[in-house]
Structures are given as structure tokens and as C-alpha cells.
Amino acid sequence: MIIVRDAYKSFNGNQVLKGLNLEILEGEMFALIGRSGLGKSVLLKHIIGIMKPDRGDIFVDEQNVGSLHGKQLEAMRRKFGYLFQEGALFDSLTVFENVAFPLREKTAMKEPEIKDRVFVELEHMGLKKDAHKYPAELSGGMRKRTSLARAMIMQPSIMLFDEPTTGLDPIIGQSILNYIQLCHRRLGFTGIIVTHDVPRVFTIVQKIAMMDDGRIIINGTYDEIVRQGNPAFQQFLSGSIDGPLHYV
Amino acid sequence: MFISCIRGLGRGALGVLEMLGSYGMFLLTAFFWLFGSPLKFRRVLEQIIFIGVKSTVIVLLTGAFTGMVFALQVFYALSKFGGESLLGPTVALSLIRELGPVVSALMITGRAGSALASEIGIMRITEQIDALEIMAVNPYRYLVVPNVVAAVVSFPLLGAFFSMIGIWGGYLVGVKLLGVSEGTYFGEMSNFVEMKDITMGITKSLSFGLIVSWVCCYKGFFTEFGAKGVGKATTQSVVISSVLILIWDYFITSISL
């Protein structure tokens, strides 16, 4: 379970989080939507402990992330998988080596076992025949799938997805969402998807939260939010420039 | 006016202190992970190949020509007072104590130090370092420590190669071209060169290895965003490393004399 309680964060005087509150239940798939550049990715980095809030608390499985250091923080991070917007693949390593990386670094597994695990994961992602390629030789979708395979290989209990379909065509984007859904069914993780890919992402999540001006302004299931008829949500969905949400 | 000048100076001084503190903390953290956790031998070996083995050709080439031109110049100076017999020891002492460690360090900085800073810088801006942290892999342990160890191992070896090939270059010019006898060249050399000269050269190379890897890793690690940021980090890493090599060289030489 993830709880964000009254989190504040500013960068050079620019207040990004302004008392943000959020609660995500175990095993839940959660979509976090909102305008670009308003701190959704920053929130993800707070949850995983790369950034610390200026004020407020973030709890992951009842542990206050902000108070963790060293080995405790490392142990907490082992619960996580993270899909970066641009993949963040190690460009000097092949697809196979990228996916094998966490196993080689963080487990005592023998190489044959690692090989088996990696090829099973690559098979799931449809990348088995591309195992020898370097990230520079991959298409956008393949990079995302490799990154997804790397994130899934440690079988995380919490997955954070930072704009998993951005920059991909609709078909590849849908295939990535399908992969995420498959992985969720297989591993049962708690998932947070930061995305602008609406309404498509609503088919794979249980709950949606919308962030604006450093706070969560809408939170609930798709049906609940639609019933509320929230104008900000309607505007975001339609992509209209007229409405309560303004250009940043 | 006076107050604003004082304020400006104070701000500048604070900025310098902050920067020095940041460099210091970076090195301390690297040492913490160097001595506080098992060394990643495979990574160290990869970096020795990158920093050391791949710099060998350029170091040998510059070493040979440095020795050759140095022998020419020294021979010209010594012949003014009939001291040609001192060509061997002069070439050897200068190379072992000074030119070998310094010039090889500058060459490695240009070849490997710049690449190191840009590689780590690109890893920073493409979130690869964040990815390491998220996978609970400490980036100091994985990126910085292997480079520091590899540089501290590689620099003395390459410095020694530089001096050896330089002495051989001096031999080619002095003995084969200018007619100094082979016995005089090497005989006088063994009379004048002492163990402390070799120790001095090795000490210098070790410290240059530490300086270059420290500065280049730091600059890459804290690179600013975008291609411009990486370019700036790369240039600064080479300039700062080179200047520090020369400054540190002066201090270490003056202390030991």
C-alpha cells in the first residue's frame, strides 16, 4: 500500500507539490493523469525515494520512505520496478544484458539460471530474437518492451510506469498497455501509470487520479469520475483549451 | 558600492567552498564504497582495458617522440660544455621523475578522461544513473569506484611505459644518430638513477590517476542537462584535470626535493 500524505516539494522556488495526498491499495492499478510538467514524474521519484519531499510523508508498506537510508532504502527499492519514459536502457549493453543486469547485480543466481529467466521474460515481451541487439538498434516500442522486461525480471510488488506509451504509434502503444496488463495479471503488483494516453489507459486500471496545481483534484474509479461530471476531467479527456485547466 | 563588492566576494567565496565541499564529498563517498563493499573485479578489468590498454599506443608513440626530441635538445645543451656523457642520465631522470608521469597523464586525460566524463554524463541525462539507483545498484560502487581503481592501476603502468620507450627514443637519437657510445648512455644512467627517482615517478602517476578519475567522474556525474551540458562537462573535466596535474606536480616535486 502506498500513502502520500501532505507532500510539498519545490525546485528553485517553483512549488511542484503543494500538499498532495494520495492512497493506492495493494494490487491496484492506478492511473495518474494531468497536464505535462506539473510534477507527476516527480511524485513517482518521491515514492521510490530518489527525491525527498520538503514537507510531508510518503509511506510504502507502512515504511516512511523519507526516513530510510542506506541498506533500508535499498531493501525498500527492491520491491519496485520502474519503467522510464525514455527507457533508460544501458546503451553499452545488449537487450539480453540489460534484462539480465538486475539479476546479475542483485541476486546470487548462476549464469545458466539467469539465461533461462531472461529468455522467458524476453519471450513474454516478444523480444527473444532481438536479445543480441543494442538499444540504439531498437525501435521505440522495442525499447519500451526491453525496459519493461528489465523492470519485470525481479518480479516487483510495486511497478511505476512513467508515460509508457508516449512517442509510440497507437498500435504499438496499445501493445505496450496489453503487456502491462498481462504482467499485472501474472505478478499481481501494485501499479501506478503516469500517462496522457486517455481514455485508452482506463481499460487497464481500476482507479484514476488527476493532478493539477500540485494536488490531486480528482480521485476515483472511471465510473465515479464520469458520474461526477468534473469539468477539468472532461476538458482533459477532450483536449480542449477552454475550461478550468489553463496552459502552463 | 563597497558593501555590494564585499557581498559579491562573499558569495564567490561561498560558491568556491561549496564546490570544494562537493568534490570532497564525492571522493569520500567513492572511498566509502571502495573500502566498504566488495570490489567489482569485472568492472575494474573492463575499465583497465578502457583507460589503460586502449591508451597504450598513444602513450608509447608520444613517449618515443618525447624521448627523441628531448635527447636532441639535451645533447645540444650538453655539447656546449663537453658534457655529452651525461645524455643518458639526463634523459632518464627527466623522463622517470617528470615527463613520463606528467605527459602520459595528460595524454590519458585527453583520450580516456574525456570519454569517461562524457559517458557518465550521457548516463546521467538519459536517466541511466537513476535506473541504477532504482534497481538498488549504488552508482558510486558501479560507476565511480571501478574507474578510480582502474586509473590508479593504469596511470603508473602507462607512465612507466612512457619512460621506458622515451629512454629508448633517446638512445636512438643519442647513440645511433649523434654518436654517443652505448656504454656511456646506459652506464651513466645506472650510476645516476636511484630507486627514489623511480618511486617518485610512480607516486606522481598514482596521484595523477586519482585526480583524473576523480575530476572526470565528478564532472560526468553532475553534468547539466542536454548535449551542451555533456559537452561542457567533458571540456571542463579535461581542463581541470590537466591544470591540477601540473599544479600537483609542482607541489609533489618541491616537497620531495
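Residues numbered from 1 in each chain as written. Chains lettered and ligands numbered in written order. Predicted model: local features only at pLDDT ≥ 70, side-chain atom pairs only at ≥ 80, totals over all residues.

**Concerning the overall build of chain A**
Going by this rule: Secondary structure elements are taken from DSSP: a helix is a run of H or I of four residues or more, a strand is a run of E of two residues or more, and numbering for both begins at the N terminus. C-alpha atoms define the radius of gyration in this analysis, and the globule rule sets the expected value at 2.2 Å times the number of residues to the power 0.38. Whether two residues are in contact is decided by their C-beta atoms, placed from the backbone, lying within 7 Å.
What chain A contains, in helices and strands, is eight helices and ten strands. Relative to the 2.2 N^0.38 estimate, which gives 18 Å for 248 residues, the radius of gyration of chain A is 18 Å and therefore close to what a compact globule would have. Taking the principal axes of the C-alpha coordinates as reference, chain A spans close to 55 × 40 × 35 Å. Long-range contacts, defined here as pairs at least 24 residues apart, represent 65% of the contacts in chain A between residues at least 6 apart.

**Some details on the confidence of the model for chain B**
To keep things clear, this is the line we draw: The pLDDT value expresses, per residue, how confident the predictor is, ranging between 0 and 100.
Predicted confidence across chain B gives a mean pLDDT of 91, with 100% of residues reaching 70 or more. Put simply, helix 7 (residues 182-192) of chain B is where chain B has its lowest mean pLDDT, 86, and helix 8 (residues 195-221) of chain B is where it has its highest, 94.

**Section: unusual backbone geometry**
All names here are of chain A. So the rule is basically this: Burial in this document is a count-based property: other C-beta atoms within 10 Å of a residue's C-beta are tallied, and the residue is buried at 20 or more, exposed at 12 or fewer, or partly exposed in between, with C-beta positions derived from the backbone.
Cis geometry marks the peptide bond from valine 198 to proline 199; its omega dihedral reads 0°. Not every positive phi belongs to a glycine, and alanine 88 is a case in point at roughly 50°. With respect to the helices, strands and loops of the structure, alanine 88 is situated in the loop between strand 6 (80-83) and helix 3 (95-106). For alanine 88, a count of 25 C-beta atoms within 10 Å puts it in the buried group. Residue glutamate 163 is not a glycine yet carries a positive backbone phi of 45°. The topology assignment puts glutamate 163 in the loop between strand 7 (158-162) and helix 6 (170-187). Judged by the 20 C-beta atoms lying within 10 Å of it, glutamate 163 is buried.

**Concerning the sheet that holds strand 1 (residues 2-11) of chain A**
Residue and element names in this part refer to chain A. Defined as follows: Pairing between two strands is assigned when DSSP locates at least 2 bridges connecting them.
Pairing in this open sheet of four strands is antiparallel, and the strands run 2-1-4-5 from one edge to the other. Because the sheet does not close on itself, it has two edges, and the strands there are strand 2 (14-24) and strand 5 (63-64). Where strand 1 lies against strand 2, eight bridges are found, and the strand directions are antiparallel. Looking at the pairing, phenylalanine 11 lines up with asparagine 14 of strand 2.

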